[in-house]
Amino acid sequence: MAVGASLRLLAALLLTLPGFAQSFMPNSFFFWTLSHRDITQIAILRKTAEVCRDVAAAEGRSFTLEITDTLTVNKVQMACSVPLPNFPISSEMFQAAINSVHDSSDALLTPDPAFHFHSEAFLTGRGLITQGLSALKASVKEQNFQSARNTLGRICHTLQDFYSHSNWVELGRAAPYSALIRPDQPLENLAGPDVPTCRSCAALSCKDNILPAVLEKGLLTSGYYSAESPAKPAGKFSHGGIYDRTSRTEPTGGINKDTDSSSHGQLHRTAADLAVDDTVDLLEDIRLAIGDRTFLRLMDISQAPALVFVVDTTGSMGDDIAYVKTVTAMIIDERRGTPIEPFEYILVPFNDPEFGPVTRTTDADEMNTKINSLTPRGGGDLPEMSMSGLRLALTAAPPSSLIFLFTDATAKDASLKNAVTALIETTKSKVFPILTNVLARRRRRAVVPSNQLYLDLAQASGGLAIEIFKSEISVATAIIESLSVGAVVTVLQAAVDPGTPRNFTFLVDATLSYILIYITGDSSLTFTLTSSTGVSQSSSESRGSLGLISTAGNLWVLSLNSEIQAGQWAITIDSNTAYTVKVIGRSSLNFVYNLVEPQEGTNGSVIPKAGRPGGNVTLWVTVTGSDTATVRDVTLFDFSRSTQVDGSVQSIGKSDYLVAFREVPAGSFLVRLTGQETNSSSTPNSFQRQASTQIRTSSLSVTAQADSQSIEPGSSISVSFTVSSEETGTFTIQANNDRGFTTACPSSVRIGAGDGGRANDTVTLIASADAASGTDVSLTIVAENAAGTDINYVVLRFSVATKVTDLSAPVCQVVRMSGVCPASPLLCASVQWELVANFTDGITGTGIETISLHQGNGTLSTSNVVGVAGENIVEVSYSSTCCSQSVQLAAVDRVGNVGTCAETAIALTTPAPSSTSSRVTNVSHITTIIPVLNSTSASTPTLITNNTAGVPLMLKISNTPVTTTILMSNTTPVTTPMLMTNTTPVTTPILVTNTTSLTTPILVTNTTPITTPILVTNTTPVTTPMLTTNTTPITTPILVTNTTPVTTPMLTTNTTPVTTPMLTTNTTAVTTPILVTNTTLHNSTPAQTMNSSVVTTVFETAGVTNSTSTGGEPVCLSYFLSIAAMFCSIQVLFFN
């Protein structure tokens, strides 16, 4: 209890920091407070699980995960994946995608009130959300998912702040405000600028500071915030908190619910829960607009990474191109349709001077076609545009991708090295140059190693630079195959330059399988591998007790035997030239990390760190693939200098840890994590993992800020940047982008002695006028000191977004629904129902682009028509069996607005109790139509007996638009006449078809009070009699309606014991014949039914039956006869 109280006291002190008073905390270390990170992650996990559930249902797979607010990334990834033997499932990519959303949200530090719904900025705040939503959908359409994730983070932050910063919760609203994500819905009851909204707080309590008039009128308001000025409009709320200077101006206090210690902290959890629900609604809108599978791509739910090739297409690359074609075809053929099929395929060709375009596809055949279209051509001089091609791949591929670069030439655009390195460090992608210019490199080695640029980039990224002859290029196959299957983890990675003999240890744990060791270096290199049990194998043994060793060019590959022993292993390498060693294996258990820094001035937690860190390094570490693993140590290693820095590890809940390193020396470091996994099915398992991408420290700092993250085609955006350094002098500035847009920037900035260690300037980016909406562009600003010994950078992503003027979603109008579903699931497959609806985007809309089925297993068809006002209408027809009785249709216009139709089939709700006769008695005078529905799928007799003791039943059967036969069977034991009364207001023929196998007379008596002819037409090919018996005590007409959708026999038998006239009325709306067919079977026994329900009213409109009940439910009776007995169904809805 004392510890808990201390924690809460500490929390209360921390929560008074400015950041905790401006917004939901970006990230919280306290379990009782929900941060932006918590809210966003709960919503993403819920919606992703729902999408995976629906995809599994569509594919006929089971989905057993219970969807709650306590989901974890690992649980959702496992539920969304299809298990495959020997291929563990990794949640690393999913976690990295979520982290991208978090980072963008956490970095939203602008004081602009609209981004946080401060200062009653509801219209502009909603505009940021809806404009961002349009930009996000445009990015997804162009397959720029990383830009879409960045946009999503900013939208989520603003949307969630509405519930913390406004009085929506105080007004008693229990549901999210849908108008925030729907620009076609008005924002209502906004408090005017001159309307007072609050009074000063009483002492320390602000619970009752809302004016009663605001609550009574339901006026929407929010608080004003400023860290610089106390000014605010008279009578208005402040945000609140010690750093909000307006909160000390009358009326004092605040309204925010950012934490449970905020001004209205008692409502923190309610506000956070509404923020979760609205974030889920936002994600549902995105899901409907882009589709289920694309939504999973946005969230990077996959079991295998993207396959990325950057290929030199100059004239000398014929053999290399042929190999790329072969290996791509092999991977596609082997993995097509399996869980380890590449998530997407990316191809970037480069030549000189051309490079690109980028091909991104999930279609394996399209990728094959693109690669097969590559032909070697041109090239001229030796250097090629390899860095430009690699830069395109780094910005197009998902984070942490594997990029294979094929070339036999040096880089003509080597000046882009710093920009490419910045992108490698930012995306954590790994680059594998496959270099086939070995002889050229060796001839020039004494001067400048021509492949050094590729070696440096591979080392920085954690990849491998493989130098081989063209005849050996197939050695790359094993590397590409082993790395591109997913769930590949790095246990050890080290680069030693200059070379020196070294002994490396690494921990093999029980979750590891398919362990491979890659070594690159000079041909004189030797090594010895030693297992945890002391068994050794040297580099001279190609086949030894520990595994197989193969070599080609500068590469050694050790494939360990499957019977490996867990424990501490060692590899000793003897070389005096530069070398690398990399140990990998397959395992679900891994980690991801982000550089962060304590937020200064306006927030009390940590925010993402752009660029390289300084002397103090802080990491946000998340363990993936396990909900039970714990972190023991996190260490920074510089293997070239034998430097090791241990971090201080702090658990911050679930699988997250904050790790702080103090006074990190200059150099390049790799992150190593050791920990322990404990679960109920195994003993504790110690494990070791290592990140592949190097962390470099820098004494420089580069920060940049833009007013917007989107840019219109043909327009420009200004980016203010600051270079900070304790060193004075001139710093070279490079600014470039990956789309070839015009960039204007200074060539240098200068920090003087009196400048406070900072220099400010501006970069201007101008988008091409023909850039498609949704195009993303990465702007990299690099600063380098005068000596060329230190650089730092900042990378910004922008989305090209055309201004959206179509703010209205497509509108759905239901034209008609038909068919009535049985209550019994045994009959659902034999009955159809149909929905016909019209979608329109209006005359001024951009037009409907797609209509998709998001719920239901039926058949969807569409056709385009023009409305009376000239608007384009898409007519949608949906039909399904009654086994799928709900449907949701989504129409998306060309700018991503979503309109939906959700309908449920008309269905009887009470199932048949058994297949035996049941009696329903009519106990009162019937004034309401009782439908009797025949829904059998074949010529199955329905036996109906009129044995009412009192008032006769009135049956209405609506005749179908086509001539549908009613098959009537006479099973009466004696020949009794059927008395028929015609009460039709006009002369309408009743067509009767007799199909009885025996010659039995049809006895018909007209009991109409006035002389009205009954027109009976016998359409039987031969004259066959039908026997019926009626014992109705009074002459009340029986109204009969046929609603059978297909020609299905309805067999009706009158088995009453005495001769009483049965009154039959033809109530068909048009003169359509009712065809009555006699199909009596000899041994059929009629089901006897009486109406005893107490239902009051039936309404029939456009084929839809609605009922109001005062005493009973609709009754459905089903009877089945197999080979020896007759199958028969009666679906009867009785209403009094």
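In this text the structure is predicted, and so the values were computed from the model without any measurement.

Chemist: Mind showing me how you'd approach the overall build of the chain here?
Modeler: Counting its secondary structure elements, the chain contains 16 helices and 61 strands. Within the span of the chain, comprising 1136 residues, buried residues form 57% of the whole. Total accessible area computed for the chain in this model is approximately 44,800 Å², and 54% of it derives from carbon and sulfur atoms.

Chemist: How do you make sense of the packing of aromatic side chains when you look at a structure like this?
Modeler: Aromatic ring pairs: the centre-centre distance and the angle between the two ring planes describe each pair. Tallying each qualifying case throughout the model produces 15 aromatic pairs. Plain terms: the ring middles of F309 and F404 are 6.2 Å apart, the flat faces sit at 65° to each other, and that makes the pair edge-to-face. Of this pair, F309 sits in strand β1 (residues 307–312) while F404 sits in strand β4 (residues 402–407), placing them 95 residues apart in sequence. Exposure class is identical for F309 and F404. Each is buried. The aromatic ring of W168 is capped on one face by R173, whose charged end is 5.5 Å from the ring centroid. The ring of Y514 carries the charged tip of R586 above its face, separated from the ring centre by 4.0 Å.

Chemist: Explanation requested: the confidence of the model for the chain in the structure shown.
Modeler: Regions with low pLDDT carry predicted coordinates that are not meant to be interpreted in detail. Mean pLDDT over the chain: 79, with 75% of residues reaching 70 or higher. Of the regions scoring below 50 in pLDDT, residues 1–21 engages in 39 contacts with residues more than four places distant in sequence or in other chains. Low pLDDT (under 50) marks residues 912–1136, which in the prediction has 534 contacts with non-local residues, meaning those over four places away or in another chain.

Chemist: Which parts of the structure should I look at to understand helix α11 (residues 364–372)?
Modeler: For an α-helix, the turn length of 3.6 residues means that residues three or four places apart are oriented alike. A364, M367, N368 and I371 are the residues of α11 that are buried. Projected onto a plane normal to the axis of α11, the buried residues spread over an arc of 100° and lie on a single side. Tucked inside the fold, the buried residues of α11 contact β1, α10 (318–335), β2 (345–350) and β3 (359–361). The N-terminus of α11 is capped by D363, whose side-chain oxygen sits 2.9 Å from the backbone nitrogen of D365.

Conventions and cut-offs
- Per chain, residues are indexed from 1 in the order of the written sequence.
- The model is predicted, so local features are restricted to residues of pLDDT at least 70 and side-chain atom pairs to those at 80 or more, both for listing and for counting; the totals for chains, interfaces and linings are taken over all residues.
- To obtain the side-chain values, all non-hydrogen atoms of the structure were used and water was disregarded.
- In DSSP terms, a helix is any run of H or I states spanning at least four residues, a strand is any run of E spanning at least two, and both are numbered starting from the N terminus.
- Buried residues are those whose accessible area, probed at 1.4 Å on protein chains only, stays under 20% of the maximum for their type, while exposed residues exceed 50% and partly exposed ones sit between those limits.
- Under the convention used here, a 1.4 Å probe and the Shrake-Rupley method define accessible areas, while residue burial counts only the protein chains that appear.
- The pairing test for Phe, Tyr and Trp rings, Trp by its six-membered ring, is centres within 6.5 Å, and the orientation test on the planes gives stacked under 30 degrees, edge-to-face over 60, and tilted for anything in between.
- Either the NZ atom of lysine or the CZ atom of arginine qualifies as a charge over a ring when it sits within 6 Å of the ring centre and within 35 degrees of the ring normal.
- Residue-level confidence of the predictor is what pLDDT reports, using numbers from 0 through 100.
- The contact rule is simple, with two residues in contact once any of their heavy atoms fall within 4.5 Å.
- Comment: arc refers to directions from the helix axis out to C-beta atoms.
- For this analysis, a polar contact is any N or O atom pair within 3.5 Å, provided that within protein one partner can donate a hydrogen and the other can accept it, and provided that sequence-adjacent residues contribute only side-chain to side-chain pairs.

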